[in-house]
Amino acid sequence: MSEKVACVVLNYNDADNTLNLIEKIHDYNSLNYIVVVDNCSSDDSVRRIQDIVDEKVKLLQQDKNQGYGAGNNAGVRYAHDVMGCKYAIIANPDVLFSRECVMELKRVMQSDSQIAVSAPIQKQADGTIEKEYAWHIPTIRQWVWSPEHFLHKYFWPCYT
């Protein structure tokens, strides 16, 4: 049996983009499930998304918005514990990716048990790669002089 892949999409008052993404990726045979987590939207998102729930699309409704990380964690947990998925793609509603991208991410994850996270190169709609759109690991010098390092070093004890 093939190892299952789910796409977790976090929705908050953005049914238009969420539905658009689901429509584009629904027929990807490289995805077993699409788990939409509604992060306690205050608009009609839940009603609109419920209309497209089927054997592949699942909807989780959060009873309160605990943020981006908590919402995605709920979706990944559901995909693993309930749907039996080994792999999860976390996708914002306003992105687009190909079925080949899903297959390549899965291949990379299967190639080495030491790999826990993998991400594709981000491209603009015209296919160009803009490094400003991707998160980069800072050099030692960048980290030492970053505001985050300064705040963490000198003010973190105030918040514990």
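Bear in mind that the values here come from a model prediction, so they are computed numbers and not experimental data.

Asks: Explain the overall build of the protein chain here, please?
Replies: Summing up its helical and strand segments, the protein chain has six helices and four strands in all. Along the protein chain, helices (α) and strands (β) appear in the sequence β-α-β-α-β-α-β-α-α-α when read from the amino end. Per-residue burial over the protein chain gives 32% buried out of 160 residues. Contacts spanning at least 24 positions in sequence make up 67% of the contacts within the protein chain whose residues lie at least 6 apart.

Asks: How should I be thinking about the sheet that holds strand 1 (residues 4-11) in this particular structure?
Replies: Strands belonging to one sheet form pairs held by backbone hydrogen bonds; the direction of such a pair is parallel or antiparallel. Strand order across the open sheet formed by four strands is 3-2-1-4, with parallel pairing between neighbours. The open sheet is flanked by strand 3 (57-61) and strand 4 (85-91), the only strands paired with a single partner. Strand-to-strand twist of the sheet, defined as the mean angle between neighbouring strand axes without regard to direction, takes the value 25 degrees. Where strand 1 meets strand 4, six bridges bridge the pair, whose relative direction is parallel.

Asks: How should I be thinking about the layout of surface pockets in this particular structure?
Replies: Unfilled space is identified by rolling a water-sized probe across the atoms. Its volume calculated, the largest pocket comes out at about 1300 Å³. Contributing to the lining of the largest pocket are 34 residues, with I89, I90, A119, P120 and Q122 lying nearest its centre. Of all the secondary-structure elements, those providing two or more residues to the lining of the largest pocket are helix 3 (68-81), strand 4 and helix 4 (99-111). Among the elements that line the lining of the largest pocket, the one with the most residues is strand 4, at six residues. For the lining of the largest pocket, a count of residues per class yields 23 nonpolar, seven polar and four charged.

Asks: What's the story with the pattern of salt bridges in this structure? I'm lost.
Replies: Where charged atoms from two side chains of opposite charge approach closely, those side chains can pair. This structure, assessed with the given rule, holds four salt bridges. E3 is the salt-bridge partner of K86, the closest N and O atoms lying 3.1 Å from each other. In this pair, K86 is assigned in strand 4 and E3 in the segment before strand 1, connecting sequence segments 83 residues apart. Judged by relative accessible area, K86 falls into the exposed class, the value being 53%. Notably, a salt bridge pairs R48 with D16, separated by 2.6 Å at the nearest N-O pair.

Asks: Got a minute to help me understand a nonpolar patch on the surface in this structure?
Replies: A surface patch of nonpolar side chains, about 510 Å² in accessible area, is lined by I140, W143, V144 and W145. The exposure class assigned to I140 is exposed, which follows from its relative accessible area of 69%.

Asks: I'm lost on the side chain of N11 in this one. Help?
Replies: With respect to the helices, strands and loops of the structure, N11 is situated in strand 1. Among all residues touching N11, those that are not within four sequence positions of it are T18, V36, V37, D38, N39, S41, S45 and I49.

Asks: I tried to follow helix 4 on my own but got confused; where do I start?
Replies: Think of an α-helix as 3.6 residues a turn; residues three or four steps apart then line up on the same face. Between its terminal C-alpha atoms helix 4 stretches 18 Å, which fits the 18 Å expected from 13 residues at 1.5 Å a residue. Residues of helix 4 that are buried: C101, V102, L105, K106 and M109. Seen along its axis, helix 4 keeps its buried residues to an arc of 135 degrees; they face one direction. Its buried side turned inward, helix 4 meets strand 1 and strand 4.

Asks: Teacher, can you tell me more about unusual backbone geometry here?
Replies: Comment: phi is negative for the bulk of residues other than glycine, and the bulk of peptide bonds are trans. Positive phi is not limited to glycine here, since N13 has a value of about 55 degrees. For N13, the location among the structural elements is in the loop between strand 1 and helix 1 (15-25). Here N13 falls in the partly exposed class, since its relative accessible area comes to 28%.

What counts and what doesn't
- Residues numbered from 1 in each chain as written.
- Predicted model: local features only at pLDDT ≥ 70, side-chain atom pairs only at ≥ 80, totals over all residues.
- Heavy atoms only, no water.
- Helix = DSSP H or I, 4+ residues; strand = E, 2+ residues; numbered from the N terminus.
- Buried < 20%, exposed > 50% of the residue type's maximum accessible area, 1.4 Å probe, protein only.
- Contact = heavy atoms within 4.5 Å.
- Pairing = 2+ DSSP bridges.
- Axes fitted to C-alpha atoms, helices over the stretch in contact; angles between N-to-C directions.
- 1 Å grid on protein atoms, 1.4 Å probe; cavity = no way out; pocket = protein on both sides within 12 Å on 5 of 7 lines; lining within 4 Å.
- Points joined across faces, edges and corners; volume = space filled by probe spheres on them.
- Nonpolar A, V, L, I, M, F, W, Y, C, P; charged D, E, K, R; others polar.
- Salt bridge = Lys/Arg side-chain N within 4 Å of Asp/Glu carboxyl O.
- Patch = residues over 30% accessible without salt bridge, like charges linked within 9 Å, V, L, I, M, F, W, Y side chains within 5 Å.
- Areas by Shrake-Rupley, 256 points an atom, 1.4 Å probe, with all protein chains shown as cover.
- Expected span 1.5 Å × (residues − 1).
- Arc of directions from axis to C-beta.

Note that all results are geometric; they support no functional claim without further evidence.
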